[in-house]
Each structure stands twice: as C-alpha cells, then as structure tokens.
Amino acid sequence: MIEKIVSGKALARLLALILAGLIVILTLSIFSAGKDGRRQIVDMDGSSEERLASVLSGIKGAGEVDAVIKYDEDSKVVGVIVTAEGAGNPTVANNLTKGVATLYDIPVSSVMVFEKEQEE
C-alpha cells in the first residue's frame, strides 16, 4: 500500500493538491486582512466617530471632543480630525494625537487636533 502512495503519479497528485490548498488559503488571507492582520470595519452611521470622541473626551483636560474619520477605498483609516475644548494645551493635544495614532495604527502626521471654539 505504501508503495502505491509513493508511486510517481500518486505523489505528484498529492503534492499538487497540497500546493493548490496552500495557494487558496494564502490568497484568502491576503484579500481579507490588512497589513497587520486586523480588519477595520467601516460604519456609515458615524458610530466609530462617536465612540472615538467618547474615548478621547476621557483624556484629562480634553473636555468635549468631536472626531471625523477618513477611510480609503480598502476601508482602512487614513486620517482623523479631532476638535477638543482642551486642545489649546499642547500636552492635551499631544495625548489626543498619540491616542488616535495608536488606536488606528496611523502616523501622527495623519492626525490633526484643533482647539474647539468655546461657546459663550
């Protein structure tokens, strides 16, 4: 029986089948995940922006926060604009920038933080 399996044709078919399976698995993993293996979900109702603003407003000194997230055609975050009451303080602005950059794995140059105008 082992002689049959090891024969030329059977071994070639087995190797071809294994190779085809590996190619299919590799192709699926490439097209379904980002560079780091994580997928980002694009929401059309703005709930990601609301959630981000909620988290950022918890940073000491941030105050009220709003955020806008920009996605590319592959649903990857490519830029974020944040407005915060406390962003006039450089330490707060830096913390907001680093938090967003870390969360979305984007460079800090893709995050813009502005001081929100105080309503009187």
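The structure contained in this document is the topic of the report that follows. (Residues numbered from 1 in each chain as written. Predicted model: local features only at pLDDT ≥ 70, side-chain atom pairs only at ≥ 80, totals over all residues. Heavy atoms only, no water.)

### Thoughts on a nonpolar patch on the surface
Worth spelling out the cut-off: Residues with no salt bridge and a relative accessible area higher than 30% make up the patches, which join like charges within 9 Å and nonpolar side chains (Val, Leu, Ile, Met, Phe, Trp, Tyr) within 5 Å. Reported accessibility uses the Shrake-Rupley method at a 1.4 Å probe radius. Residues are deemed covered only where the shown protein chains occlude them. Salt-bridge detection follows one rule: a side-chain nitrogen of Lys or Arg within 4 Å of a carboxyl oxygen of Asp or Glu. Helix numbering and strand numbering both begin at the N terminus, where a helix is a DSSP run of H or I of at least 4 residues and a strand a DSSP run of E of at least 2.
Residues Leu11, Leu14, Leu15 and Ile18 make up a contiguous nonpolar surface patch of roughly 350 Å² in combined accessible area. Tracing the sequence through the fold places leucine 11 in helix α2 (residues 8–32).

### Some remarks on the pattern of salt bridges
Counted according to the given criterion, the structure contains two salt bridges. A salt bridge links lysine 116 to aspartate 66; the nearest nitrogen and oxygen atoms lie 2.5 Å apart. With a gap of 50 residues between them, lysine 116 in the segment after β3 (111–115) and aspartate 66 in strand β1 (residues 65–71) connect regions that are remote in the sequence. Bridged by salt links that share partners, the residues Glu64, Asp66 and Lys116 form one connected network.

### Some thoughts on the nonpolar core
The tendency in soluble globular proteins is for nonpolar side chains to be buried as a group. Counted only if it meets this: Joining through side-chain atoms within 4.5 Å is the link that ties buried Ala, Val, Leu, Ile, Met, Phe, Trp, Tyr and Cys residues into a set, and such a set is a nonpolar core. Using a 1.4 Å probe on the protein chains alone, a residue whose accessible area is under 20% of its type maximum counts as buried, one over 50% counts as exposed, and one in between counts as partly exposed. Any two residues having at least one pair of non-hydrogen atoms within 4.5 Å are treated as being in contact.
One finds Leu52, Val80, Val82, Val100 and Tyr104 to be the most contacted residues of the largest nonpolar core, which totals 21 residues. Those elements giving two or more residues to this core turn out to be α3 (47–56), β1, β2 (77–84), α4 (90–104) and β3. By residue number, the principal contributor to this core is α4, which donates six residues. Beyond its immediate chain neighbours, meaning those up to four positions away, valine 100 contacts Leu52, Leu56, Val80, Val82, Ile106 and Val111.

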